[in-house]
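Structural overview
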Amino acid sequence: MLDSKGGGKPLAGLLRRKTLLLDLLAVAIPVIGFSFGLNFYSNELLLVYMMVYVALAHGINISYGFTGYLPFGYFGFFGAGAYGATLAILDLHVPALLGMLFGGVAGVLVGLLLLPLFRLRGAYFAIATLAAGEAVADIVANPSLQSITNGPYGENLASVYSSGQIYVAALVFMALALLAVVLVKNSRFGLSLRAIKESEYSAAMAGVNVVQLRSLAWVIAAAIAGVGGAIFGWATTVFYPSAVFDSAISVFAIVFALFGGTGSVWGPTLGTVLLYGLYSAVGLSSPQYFQLIYGLAIVGLILFAPRGLVGFGRAAVRRLSLRRAGANG
Amino acid sequence: MADEILRLEGISKHFGGLSALQEVSFSVEGGEALGLVGPNGSGKTTLINVVCGLYTPNAGNIYLEGAKLGKTTPHKLAKSGINRTFQVPQPFASLTVRENVEIAAAHRRGDGMSVVEILDFVNLGKWAGQEAGSLNAAQQKRLDLGRALALNPKVLFVDELGAGLNPAELAEVAAMLRSLLNGGRALVVVEHLMGFLDKLVDRVIVLNAGREIFHGGLRSALDDGEVKRVFLGTVGA
Amino acid sequence: MLVEYSIVAGVLLGLFYALMAMGLNLVFGVQRIINLAHGDMVMLGGFGAWELYYGYHLNPVVAIVVMIPITVAVGFGLYYLLIPRLKSAVDFETLSLVLFFGVSQVVEALAALGFGNNERSLPVSSIPSHPVNFLGQPYPADWWVAAGVALPLLAIFFLYLYRTRLGRETRAVMADEHEAVSVGIDAARVSAISFGVGLALAAAAGVLAVFVFGGVDPSEGVGITITAFAIIVFGSLGSPLGTVVGSILFGVAYQLAQVYTPSWSNLVPYVLVIGTMLLRPQGLFGRRTRIA
Ligand SMILES: Nc1ncnc2c1ncn2[C@@H]1O[C@H](COP(=O)(O)OP(=O)(O)OP(=O)(O)O)[C@@H](O)[C@H]1O
Ligand SMILES: [Mg+2]
């Protein structure tokens, strides 16, 4: 038996350093992979979308995986980001790259507006954000606002299109989102978020400022969605409100994150690459078959592996090592 | 005379039509352990929940070291020195035992026991690296206690820490709690087990249906007619 | 004039909305599950009516009667397929939401594969089609038909819930599942049947929706689910009467918005659900369910 005073501390420190190293690999490997992505796969737009979705899945990771609040209306931030960036670029004439930050700001603004929804819990929170996302969409697409948002007729960013810049922007954005998750996961902030998720009031009695930390996590998630929407809009060039305010965006991100496994750095990335890969292989030519496979995957996931691929893998490893320990002793 | 740490004045709490607390008043001093007893549903846990900010009282005031507590949040109360354990323990199940205590220790103002010292104190050192959810109920209650202690509270409410323990464990817990009184800390101990309280507290408040029906020494409480009637023989337990 | 019109139209459509939302509330009340596939069940009802009309020349109102036993049976089976496994999950509430989202995707995909992606409508000749005057103003005949069919169906549902043994057991499970089990009620069976009944209500509303919405298409589910959810939250979760009253008020509010500010009228359900949750989380009929 390990003495808690003697052996505990250094061992824990070592373990922590090891997980941090593994987590940083989970940032480096996808970033390196996507840097050379065009060598393996020639559809640049799909790779950009995939990077955006990796980041979005990690936004869900921060919001749901660490705090337990599932934002079904995540697409509201995403669409707001696309429009925020577009308006900044077309009306304020900021450079496109800078416009992406405006997208993040738009996402954060919508996120701040929705903060009162945290009075709700669980499924109610999820649905209320869904309604809020639809409401934001309806407002942006409203014909009465045509002079500002061009109403239902969408936007056109062809004047600032630049495939190289877009690819690099998406890559940097994904890297930052992954780094944010690593920071959250390995910090006291992340620990406190997990405590809040387990028991909000106990966390408060442990001195954690629940409202502040939860809002901070929410704002990070909103910023990721905002920038994601901005890059998505830039890459898509011509888009209608229904393309950026699409509840399928939330659901993709949620399912990618859950499929891979939330609370980890690898999970949502793996989930996105696999499922979005499947989508690009099957979904584009026959979307209904993809929707079917995808729906069945969700059902199977929730019923048989609610902790996702990573959770599944961990359980398998644990079982294996238990068996080995059993054989040895 | 020791300093007053916490004072309640006329605290009332209703849930819909139910009066869970009616004009409850008392105070505790530094270094003192106060017993809070009463039959099931008499409002003991509700009282803790009110003082520790989970519920807002419908009436009454609370003073910490003479300063009135206005409308505040649980985490501020925790930082300013009021803390508690839970009748049904609520550890952060997926965090390790050590992390459970570390989270609280990170928010401590001033100094106090280190995380390792706390884990040793509540006898959980051996389990430090284990997930809190895998502990048994008695261990989880001690973890609750450790987590509360990590904030070095001036007044600590303990909600039925002794329930379900055997006599040897009870004696150990009583000793543990008594040692917490050093350094001017105040304790409010909710407990059904009179033998346990007898070793620990000087004074008790007896609640029934949200009302204080007795206030004084434990021995004289046991002789009080109304207290006897309310407990209907559970006193002997 | 316009106000009168909106009120009458709101009441007529409100009865239809009540039928559309009731199943969602029943399933929520019994199992604390928000069935995100509810709108897709409504959509399937519409396609069912279409197939029965063109395949067997069945009048849509008769189609409802045919579909009820089938949908109850399907719901019963679906319950046992999905729910018992889920019950053991840690975050049951949120995961059930995602699960039923998956179901909704499957249903939507199958509908699109089976029926095609286009909107389909039924000929107006399948039901009476002359606008009906009331208090001097004309209202489309299909609104009268929708209200005229929804009202007796709702009445039957209330009789079932309040006058039959199964209904009594259902309400017992709604009030407290553990208590219900402890007095010998088979909660799983009751829940499964309720799930079927909820599905049947949705499908019946779906048949009427083909007329009220002017057609049926595979992707209409999400919008219907949100509207139905807005209504049941507004009227109080778990309260069938609240759903009826909430539906009628929603119908009137929506009609008023349509008349006075048509381009913003689609916001009504969203404002309603968010506003209710934040300002009066227990809804109109205020039995407090813990949501905040
Ligand atoms: N959140 C709440 N909502 C409604 N009623 C409540 C709530 N919390 C407590 N009550 C009611 O208040 C009364 C007092 O409950 P409380 O838990 O404080 O009793 P207690 O003295 O701690 O009992 P026990 O010895 O069983 O722990 C009970 O009738 C209880 O049902
Ligand atoms: Mg109690």
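Let us look at the structure shown here.

The rules we used
- Residues numbered from 1 in each chain as written.
- Chains lettered and ligands numbered in written order.
- Predicted model: local features only at pLDDT ≥ 70, side-chain atom pairs only at ≥ 80, totals over all residues.
- Heavy atoms only, no water.
- Helix = DSSP H or I, 4+ residues; strand = E, 2+ residues; numbered from the N terminus.
- Rg over C-alpha atoms; globule rule 2.2 N^0.38 Å.
- Buried < 20%, exposed > 50% of the residue type's maximum accessible area, 1.4 Å probe, protein only.
- Contact = heavy atoms within 4.5 Å.
- Areas by Shrake-Rupley, 256 points an atom, 1.4 Å probe, with all protein chains shown as cover.
- Axes fitted to C-alpha atoms, helices over the stretch in contact; angles between N-to-C directions.
- Left-handed = near helix turned anticlockwise from the far one by under 90°.
- Nonpolar A, V, L, I, M, F, W, Y, C, P; charged D, E, K, R; others polar.
- Buried area = accessible area lost by both parts, 1.4 Å probe.
- Salt bridge = Lys/Arg side-chain N within 4 Å of Asp/Glu carboxyl O.
- Polar contact = N/O pair within 3.5 Å; in protein donor to acceptor, adjacent residues only side chain to side chain.
- Pairing = 2+ DSSP bridges.
- Core = buried A, V, L, I, M, F, W, Y, C linked by side-chain atoms within 4.5 Å.
- Near = heavy atom within 4 Å.
- 1 Å grid on protein atoms, 1.4 Å probe; cavity = no way out; pocket = protein on both sides within 12 Å on 5 of 7 lines; lining within 4 Å.
- Points joined across faces, edges and corners; volume = space filled by probe spheres on them.
- Parallel < 35°, antiparallel > 145°, perpendicular 65-115°, else oblique.
- Patch = residues over 30% accessible without salt bridge, like charges linked within 9 Å, V, L, I, M, F, W, Y side chains within 5 Å.
- Lys, Arg positive; Asp, Glu negative; His and termini not counted.
- Charge placed at Lys NZ, Arg CZ, Asp CG, Glu CD.
- Donors = N, O, S within 2.8 Å, 3.2 Å for Na, K, Ca; no water.
- Expected span 1.5 Å × (residues − 1).

So, about the overall build of chain B. Looking only at helices and strands, one finds nine helices and ten strands in chain B. For chain B, the C-alpha radius of gyration of 17 Å lies close to 18 Å, the compact-globule estimate for 237 residues. Looking at chain B residue by residue over its 237 residues, the buried ones come to 51%. Counted over contacts in chain B with a minimum sequence separation of 6, partners at least 24 positions apart contribute 68%. Accessible surface for chain B amounts to roughly 9,700 Å². Of this, 50% is attributable to carbon and sulfur atoms.

Below, the discussion takes up the packing of helix α3 (residues 60-86) of chain C against helix α8 (residues 187-212) of chain C. Residue and element names in this part refer to chain C. Where α3 contacts α8, the two axes come as close as 7 Å, and the packing angle between them is 145°. With respect to the hand of their crossing, α3 and α8 are arranged in right-handed fashion. Looking at the contact of α3 with α8 residue by residue, the classes come out as 22 nonpolar, four polar and one charged.

Next up on the list: the interface of chain B and chain A. Contact with chain B, which involves 30 residues of that partner, is made by 22 residues of chain A. In this assembly, chain B packs against chain A so that about 2,300 Å² is buried in total across both faces, 61% of it on carbon and sulfur atoms. Broken down residue by residue, the surface that chain B buries against chain A is led by His75, Phe92 and Ile103 of chain B, which jointly contribute 23%. Along the contact surface separating chain B from chain A lie zero salt bridges. Summed over the shared surface of chain B and chain A, the number is ten residue pairs in polar contact (both at pLDDT 80 or more). Broken down by element, the residue count for the side of chain B that touches chain A peaks at five residues, all from helix α3 (residues 97-105) of chain B. Each residue belonging to the side of chain B that touches chain A can be placed in one class, and the counts come to 15 nonpolar, seven polar and eight charged.

A few words on the sheet that holds strand β1 (residues 4-15) of chain B. Across a sheet, paired strands are connected by hydrogen bonds in the backbone, their directions being either parallel or antiparallel. Residues and elements named next belong to chain B. Taking strand neighbours across the sheet as the criterion, the four strands line up as β2-β1-β4-β5 in an open arrangement whose pairing is antiparallel. Either end of the sheet is taken by a strand with one partner, and the two such strands are β2 (18-29) and β5 (67-68). Bridge count for β1 against strand β4 (residues 59-64) is five bridges, and the pairing is antiparallel. If you follow Glu9 over to β4, its bridge partner there is Asn61.

Counting 301 residues, the largest nonpolar core has Phe72 of chain A, Leu6, Val155, Phe157 and Leu177 of chain B together with Phe100 and Phe229 of chain C as its most contacted members. The element contributing the most residues to this core is helix α1 (residues 2-31) of chain C, with 18 residues. With sequence-adjacent residues up to four places away left out, Val155 of chain B is seen in contact with Ile5, Leu6, Val28, Leu64, Gly81, Ile82, Asn83, Ala186 and Val188 of chain B.

Residues and elements named next belong to chain B. By nearness alone, 15 residues border ligand 1, and Asn40, Lys44, Thr45, Thr46 and Gln87 come closest of all. Out of a free accessible area of 640 Å², ligand 1 has 64% covered by protein chains. Only β2 and α1 (44-51) provide two or more residues apiece to the shell around ligand 1. Counting residues per element, the shell around ligand 1 draws most heavily on α1, at three residues. Counted by class, the shell around ligand 1 contains five nonpolar, eight polar and two charged residues.

For the rest of this paragraph, the subject is the layout of surface pockets. Considered as a void within the structure, the second largest pocket measures approximately 920 Å³ in volume. Along its surface, the second largest pocket is lined by 35 residues, and Asp246, Ala248, Ile249, Phe252 and Gln291 of chain A are the ones closest to its centre. Elements that contribute at least two residues to the lining of the second largest pocket include exactly α3 (44-66), α6 (122-140), α12 (241-244), α13 (247-260), α14 (266-283) and α15 (287-304) of chain A together with α4 (92-115) of chain C. Grouping the amino acids of the lining of the second largest pocket by side-chain chemistry returns 23 nonpolar, eight polar and four charged.

This brings us to the packing of helix α6 (residues 165-175) of chain C against α8 of chain C. Residue and element names in this part refer to chain C. Where α6 contacts α8, the two axes come as close as 10 Å, and the packing angle between them is 105°. Viewed along their axes, α6 and α8 adopt a mutual orientation that is roughly perpendicular. Between α6 and α8, the contacting residues are Leu166, Glu169, Thr170 and Val173 on the first element and Ala187, Arg189, Val190, Ser191, Ile193 and Ser194 on the second. Taken together, the residues of the contact of α6 with α8 sort by class into five nonpolar, three polar and two charged.

On to the pattern of salt bridges, then. Summed over the entire model, instances satisfying the criterion amount to eleven salt bridges over all chains. A salt bridge links Arg214 of chain A to Glu200 of chain A, with the nearest nitrogen and oxygen atoms 3.3 Å apart. Placement of Arg214 of chain A in helix α11 (residues 210-236) and of Glu200 of chain A in helix α10 (residues 200-205) is noted, with a sequence separation of 14 residues between them. Two residues, Arg120 of chain C and Glu51 of chain C, come together in a salt bridge whose shortest N-O distance is 3.3 Å. In this pair, Arg120 of chain C is assigned in the loop between α4 and β1 (132-134) and Glu51 of chain C in helix α2 (residues 38-56), connecting sequence segments 69 residues apart. Overall, the relative accessible area of 35% leaves Glu51 of chain C in the partly exposed class.

As a further point, take a positive patch on the surface. All names here are of chain A. Taken together, Lys197, Arg307, Arg314 and Arg318 make up a surface patch of like positive charges. As for its placement among the helices and strands, Arg314 is situated in helix α16 (residues 308-328). Classification of Arg314 as partly exposed rests on a relative accessible area of 47%.

No other pair of the two pairs of chains in contact has as many contacts as chains A and C. For chain B and chain C, which are not in contact, the least C-alpha distance works out to 11 Å.

Here the focus is the coordination of the magnesium ion (ligand 2). Six octahedral donors around a metal ideally subtend angles of 90 or 180 degrees, whereas four tetrahedral donors ideally subtend 109.5 degrees. In the first shell of the magnesium ion (ligand 2), the protein supplies Thr45 of chain B (OG1) and Gln87 of chain B (OE1), at 1.9 to 2.1 Å from the metal. Of the two residues, Thr45 of chain B is situated in helix α1 and Gln87 of chain B in the loop between β6 (82-84) and α3; the sequence distance between them amounts to 42 residues.

Here the focus is the interface of chain C and chain A. The interface is formed by 42 residues belonging to chain C together with 40 residues belonging to chain A. Between chain C and chain A we count zero salt bridges in total. Counting every contact that joins chain C to chain A gives seven residue pairs in polar contact (both at pLDDT 80 or more). Within the residue set of the side of chain C that touches chain A, elements represented by two or more residues are α3, α4, α9 (221-235) and α11 (268-279) of chain C. The leading source of residues in the side of chain C that touches chain A is α4 of chain C, at 16 residues. Broken down by class, the residue content of the side of chain C that touches chain A amounts to 31 nonpolar, six polar and five charged.

Quick look at α4 of chain C now. Residues and elements named next belong to chain C. For α4, spanning 24 residues, the distance from its first C-alpha to its last is 33 Å, which sits close to the expected 34 Å at 1.5 Å a residue. Of all 24 residues in α4, 19 are buried; the element is thus mostly enclosed. A positive backbone phi angle near 85° is found at Gly116, which sits one or two residues after α4.

All names here are of chain B. Burial analysis of strand β3 (residues 33-37) places five of its five residues in the buried class, the great majority of the element. Of the two faces of β3, the one holding Ala33, Gly35 and Val37 and the one holding Leu34 and Leu36 are both buried throughout. Bridge count for β3 against strand β8 (residues 186-190) is four bridges, and the pairing is parallel. When the sheet's bridge partners are listed, Gly35 is paired in β8 with Val189. Bridge count between β3 and strand β9 (residues 203-208): four bridges; the pairing is parallel. By the bridge assignment for β9, Leu34 is matched with Arg203.

Moving on, we get to unusual backbone geometry. Even without being a glycine, His93 of chain A presents a positive backbone phi close to 60°. Following the sequence through the fold, His93 of chain A ends up in the loop between α4 (74-91) and α5 (96-113). A relative accessible area of 64% places His93 of chain A in the exposed class. The backbone phi angle of Glu65 of chain B is positive, close to 50°, even though this residue is not glycine. By secondary structure assignment, the location of Glu65 of chain B is in the loop between β4 and β5.

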